[in-house]
Amino acid sequence: MRIALGERFQRDVRDLDPQQRAAVFEVLLALPTALGAPHTHAGLGIRKLHRSGIWETRVGLGLRLVFALEPNLLSLVRVGTHDEIRRFLRTL
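Described in the following lines is the structure provided in the data block. (Residues numbered from 1 in each chain as written. Predicted model: local features only at pLDDT ≥ 70, side-chain atom pairs only at ≥ 80, totals over all residues. Heavy atoms only, no water.)

Concerning the overall build of the chain
Here comes step 1: The secondary structure content of the chain amounts to 4 helices and 5 strands.
Here comes step 2: Reading the chain from its N terminus to its C terminus gives the helix and strand order β-α-α-α-β-β-β-β-α.
Here comes step 3: Against the 2.2 N^0.38 benchmark of 12 Å for 92 residues, the chain shows a C-alpha radius of gyration of 12 Å, consistent with a compact globule.
Here comes step 4: In terms of overall dimensions, the chain has a C-alpha envelope of 30 × 30 × 20 Å along the principal axes.
Here comes step 5: Relative to its 92 residues, the chain shows a buried fraction of 36%.
Here comes step 6: Of the contacts formed within the chain by residues at least 6 apart in sequence, a portion of 38% connects residues at least 24 apart.
Here comes step 7: Taken together, the 14 basic and 9 acidic charged side chains of the chain have centroids lying 6 Å from each other. (Helix = DSSP H or I, 4+ residues; strand = E, 2+ residues; numbered from the N terminus. Rg over C-alpha atoms; globule rule 2.2 N^0.38 Å. Buried < 20%, exposed > 50% of the residue type's maximum accessible area, 1.4 Å probe, protein only. Contact = heavy atoms within 4.5 Å. Lys, Arg positive; Asp, Glu negative; His and termini not counted. Charge placed at Lys NZ, Arg CZ, Asp CG, Glu CD.)

Pasting the structure below:
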């Protein structure tokens, strides 16, 4: 599975502190294998947010990672707090 980093995602990650960036990186490493295994992704809290194919996973307690799924492509869209992600979803 290929992973595409969106421009907004890259900007969001740059604004994070080093510990948060490390947590995002750990989730990124676990995400492709977890998508095909329901018992594995239970800890990541993967859930569908929008009918357009937008999904979310937890990165610790305060951060959420938003991504889009297509065949053989995982597009990382945003990283932010719960409130920031809710504001983003209103724009869809």
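After that view of the structure, there is still more to cover.
Notes on the sheet that holds strand β1 (residues 2-5)
Here comes step 1: Spatial strand order, β1-β5-β4-β3-β2: 5 strands in an open sheet with mixed pairing. In the strand order of this sheet, the two ends are held by β1 and β2 (47-50), each with one partner. Each strand of the sheet is rotated relative to its neighbour by a mean of 35°, with strand direction disregarded.
Here comes step 2: Summarising the sheet, strand β3 (residues 54-59) and strand β4 (residues 63-70) pair through 6 bridges and their orientation is antiparallel. The residue of β4 that forms the bridge with Glu 56 is Val 66.
Here comes step 3: Taken strand by strand, helix α1 (residues 7-14) contacts β1, β4 and β5 (73-80), and its axis lies near 45° from that of β5.
Here comes step 4: Where helix α4 (residues 82-90) meets the sheet, its contacts fall on β2, β3, β4 and β5, and the angle it forms with β5 comes to roughly 120°. (Pairing = 2+ DSSP bridges. Axes fitted to C-alpha atoms, helices over the stretch in contact; angles between N-to-C directions.)

Observations concerning the packing of α1 against helix α2 (residues 18-34)
Here comes step 1: At a closest axis distance of 10 Å, the pairing of α1 and α2 adopts a crossing angle of 140°. The pairing of α1 with α2 is recorded here as oblique in orientation. Judged by residue contacts, Phe 9, Val 13 and Arg 14 of α1 engage Arg 21, Val 24 and Leu 28 from α2. (Parallel < 35°, antiparallel > 145°, perpendicular 65-115°, else oblique.)

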